[in-house]
Amino acid sequence: MPNPAEEHSEEFFEDSEDDAPVKLTQLPLARIKRIMKTALGEDSSVKLINKESMFVVAQATELFIAAIAQETAKITHTNKKKTMTMQHLITTIKESENFAFLEGTMHSTNGRIR
Amino acid sequence: MWIGEGGFRAWHSLVHHCLFQSNSFSPGIMDSASENEELGATFLGETPHYLVTEDTEDSRDGEETDRSNVVLREQDRFLPIANVARLMKKSIPKTGKIAKDARECVQECVSEFVSFITSEASDRCHQEKRKTINGEDILFAMSSLGFDNYVDPLKQYLQKYREAMKGDKSLSMGEPYPISISNGEMTEEMLQEGQAQGTQSTSAADLEQEGVIFTYAPVSADPLSNNTEFTM
């Protein structure tokens, strides 16, 4: 499993050297929060999400996107294609234990896209 | 219900169209007539409330109808596709391209990932009888779910974040929110949440943990430097 975190982290810490305000994340925190809240469900006894955890999830998500893109790019390359397709993604998900939780998503995605 | 040629998005906008213009239904919106015939007949004949209910076999959508019979918009369920695509592009060769369906697929996978982590973190909170998910819970969840190679970099980011939030020496005077967070509205929301939570917490540490941001009056490194000289 490649570590996308290394390259990613260089960029992050580089920014913070400046005096300019640091942009903490590339992803909208409000949206992340909404998805997290949906996952918790209405009846959950755990109702609140503190700001820190949203930030960590945002960062983790960036790492996740980097990882899945990197892995899939290899498959695209192996197939001698220039364009990454959903089929390549499906292969990545099948072959990587880390992404096994996504196998269910693939089935419903077919319903959405097709 | 079979989703036709245009896919979920087309179906969704069709629903939207019909909800607000129920008398001016245009057959032109339909793509493949045969598959959508059943759908068309229903729109023309039935009462509007049919359109509001998510009637697909998509198991994920089931959880949305449970909450209220309102369809959660795509923008609520997913992160913006532009951000996702941009992050993907960073990790592939510059000459590489990403098909539209691949981008949309990753967009969905991302939401799945967030939900996955959140549920795991929430379980731990629940076990420990806590009501708020914090950063440590997320880190723990990452580790249990097989993403432990993310944990170290995440710990570093978290530390940077905490330093930034505390108001470092590099920050200007008197500014309550010196670090710009990409979504401005978040700050207020979280403050309110922190304040609501604040009534239950007693210590300052707890309050900060719950999301209330404290500002610190800027102090010079040497607290005695502004005072008059000491005479011995």
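Residues numbered from 1 in each chain as written. Chains lettered and ligands numbered in written order. Predicted model: local features only at pLDDT ≥ 70, side-chain atom pairs only at ≥ 80, totals over all residues. Heavy atoms only, no water.

Basically, it comes down to this: UniProt positions are given in the numbering used here, feature names are shortened, and annotations may be inferred rather than shown by experiment.
Looking at an unreviewed UniProt entry, one finds chain B named Transcription factor CBF/NF-Y/archaeal histone domain-containing protein and attributed to Allacma fusca. For the record of chain B, the UniProt heading Sequence similarities (unreviewed entry) holds the text "Belongs to the NFYB/HAP3 subunit family." Listed under Subcellular location (unreviewed entry) in UniProt, the entry text for chain B is "Nucleus".

Under the annotation held in an unreviewed UniProt entry, chain A carries the name Transcription factor CBF/NF-Y/archaeal histone domain-containing protein and is attributed to Allacma fusca.

1. Considerations on the packing of aromatic side chains
Convention followed: What counts as a ring pair is set by centres within 6.5 Å for rings of Phe, Tyr and Trp (its six-membered ring), and what kind of pair is set by the plane angle: stacked under 30 degrees, edge-to-face over 60, tilted for all other angles. Helix and strand definitions here come from DSSP, where helices need a minimum of 4 consecutive H or I residues and strands a minimum of 2 consecutive E residues; each element is numbered from the N-terminal end. Burial status follows relative accessibility: with a 1.4 Å probe on protein chains alone, a residue under 20% of its type maximum counts as buried, one over 50% as exposed, and anything between as partly exposed.
Under the counting rule described, the total for this entry stands at 9 aromatic pairs over all chains. On the numbers, 6.2 Å between centres and 45° between planes, the contact of Phe64(A) with Phe101(A) is tilted. Within this pair, whereas Phe64(A) is found in helix H3 (residues 51-78), its partner Phe101(A) is found in the loop between helix H4 (86-95) and helix H5 (103-113), the two being separated by 37 residues in sequence. Here the two residues Phe64(A) and Phe101(A) agree in accessibility, since each one is buried. Here the aromatic cluster, defined as three or more aromatic residues joined through ring pairs, consists of Phe64(A), Phe99(A), Phe101(A), Phe113(B), Phe116(B), Phe147(B) and Tyr150(B).

2. Thoughts on the nonpolar core
This is how the line gets drawn: Note on terminology: a nonpolar core comprises buried Ala, Val, Leu, Ile, Met, Phe, Trp, Tyr and Cys residues joined through side-chain atoms within 4.5 Å. Any two residues whose heavy atoms approach within 4.5 Å are treated as being in contact.
Phe64(A), Phe113(B), Ile138(B), Met142(B), Phe147(B), Tyr150(B) and Leu154(B) are the most contacted members of the largest nonpolar core, which has 62 residues in total. Mapped onto this core, the elements with two or more residues apiece are helix H2 (29-40), H3 and H4 of chain A together with helix H6 (81-90), helix H7 (100-127), helix H8 (135-144) and helix H9 (148-166) of chain B. The element that contributes the greatest number of residues to this core is H3(A), accounting for 13 residues. Not counting residues within four places of it along the chain, the set of residues in contact with Tyr150(B) comprises Ala60(A), Leu63(A), Phe64(A), Ala67(A), Phe113(B) and Met142(B).

3. Focus: unusual backbone geometry
Of note in this structure, Lys80(A) is not a glycine but carries a positive phi near 55°. Tracing the sequence through the fold places Lys80(A) in the loop between H3 and strand E2 (83-84). At Lys129(B), a position not held by glycine, the phi torsion is positive, near 60°. With respect to the helices and strands, the residue Lys129(B) is situated in the loop between H7 and strand E2 (132-133).

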